[in-house]
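A closer look at the structure
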Amino acid sequence: MQPLIDNARTFGQRPEEFAELAEGQSPQVLFITCSDSRVVPALITGARPGELFELRTAGNIVPPYACAHPTGEAATIEYAVEVLGVRDIVVCGHSHCGAVGALVRGEDLTAVPAVRDWLAHATPRPAGAAEDPEVAEGVQSHVLTQLLRLRSYPCVERKLAQGRLCLHAWYYEVHTGAVRTHRPQTDTFEAL
């Protein structure tokens, strides 16, 4: 913890670098990814403060849209699309994902009921080899499922129809730092 505290102490000593951020934000991209500590969107993309609007959830899950019982995730997506006017949304899964791995392997999650119930939003169960420690196939199919779910959000559906929004599926390899993007033409994940 101490290195984090030390950095936080010196971070605010450069106010001139951050002054214009007080004027507001206008990110062009909503980046939806896992809350895994090994996945750092700004490092992956090189984004500076104000350039990415982030949504991090266990397993980069996009829950079903429901007005009657809104979620923080749905509110974040709606705000990014309707208020901030993001032009792109990236759903980024990653290798060695514990959440997707648990789903692929069919692990018993009764000891962590909140996790179990959250992961139920990932349906259908991701495909993939249970013995694969990277769970690459499972994560990639899971990312595509979340992208489809995202399309069902009214604000996303509307902006897609207007040609004012693009969706992207990414797969980040924790062990190499490589990023792959889904190419619909070939239905494969290829290097960016």
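Okay, so let's go over this structure. (Residues numbered from 1 in each chain as written. Predicted model: local features only at pLDDT ≥ 70, side-chain atom pairs only at ≥ 80, totals over all residues. Heavy atoms only, no water.)

**A look at the sheet that holds strand β6 (residues 188–191)**
- As summarised here, the arrangement of the six strands in space is β2-β1-β3-β4-β5-β6, forming an open sheet in which the pairing is mixed. Pairing within the sheet leaves two strands with one partner each, and these edge strands are β2 (52–57) and β6. Here the average twist between neighbouring strands, direction ignored, is 30°.
- Sitting on the sheet, helix α4 (residues 72–83) is in contact with β1 (29–34), β2 and β3 (88–94), with an inclination near 165° to β2.
- Set on the sheet, helix α7 (residues 136–151) makes contact with β1, β3, β4 (166–172), β5 (179–183) and β6; between it and β4 the angle comes to about 160°. (Pairing = 2+ DSSP bridges. Helix = DSSP H or I, 4+ residues; strand = E, 2+ residues; numbered from the N terminus. Axes fitted to C-alpha atoms, helices over the stretch in contact; angles between N-to-C directions. Contact = heavy atoms within 4.5 Å.)

**Here's the deal with α4**
- Its 12 residues place the ends of α4 15 Å apart at the C-alpha level, agreeing with the 16 Å of an ideal helix rising 1.5 Å per residue.
- All of the buried residues along α4 are E73, A74, T76, I77, A80 and V81. Buried residues of α4, viewed axially, fall in a sector of 165°; they line one side.
- The inward-facing, buried residues of α4 contact β1, β2, β3, α6 (113–119), α7 and α8 (154–161).
- Of the residues trailing α4, G85 is marked for its positive phi of about 65°. (Expected span 1.5 Å × (residues − 1). Buried < 20%, exposed > 50% of the residue type's maximum accessible area, 1.4 Å probe, protein only. Arc of directions from axis to C-beta.)

**Focus: the nonpolar core**
- Core analysis: the largest hydrophobic core is formed by 39 residues, its most contacted members being L30, I32, I77, I89, L150 and V156.
- Sequence-distant contacts of I89, defined by excluding residues within four places in its chain, comprise L30, I32, V81, L150, V156, L165, C166, L167 and H168.
- The next biggest cluster of nonpolar side chains, apart from the first, holds 10 residues, and it includes V29, V39, L52 and W170. (Core = buried A, V, L, I, M, F, W, Y, C linked by side-chain atoms within 4.5 Å.)

**What to know about the pairing of β5**
- Judged from the three bridges that link them, β4 and β5 form a sheet pairing that is antiparallel. Considered in β5, the bridge of W170 is made with T181.
- Between β4 and β5, which pair antiparallel and follow one another directly, the connecting turn spans six residues, one of which, G177, has a positive phi of 85°.
- Alignment of β5 against β6, held across four bridges, turns out to be antiparallel. Bridge pairing in β6 places R183 opposite T188.
- Counting the residues that bridge the hairpin from β5 to β6 gives four residues, and of these D187 lies at a positive phi of roughly 55°.

**Topic: the environment of G128**
- Relative to the helices and strands, G128 resides in the loop between α6 and α7.
- With relative accessibility at 34%, the residue G128 sits in the partly exposed group.
- For the pair G128 and G138, spaced 10 residues apart in the sequence, the C-alpha separation amounts to 4.5 Å.
- Not counting chain neighbours up to four residues away, the residues in contact with G128 comprise V104, E137 and G138.

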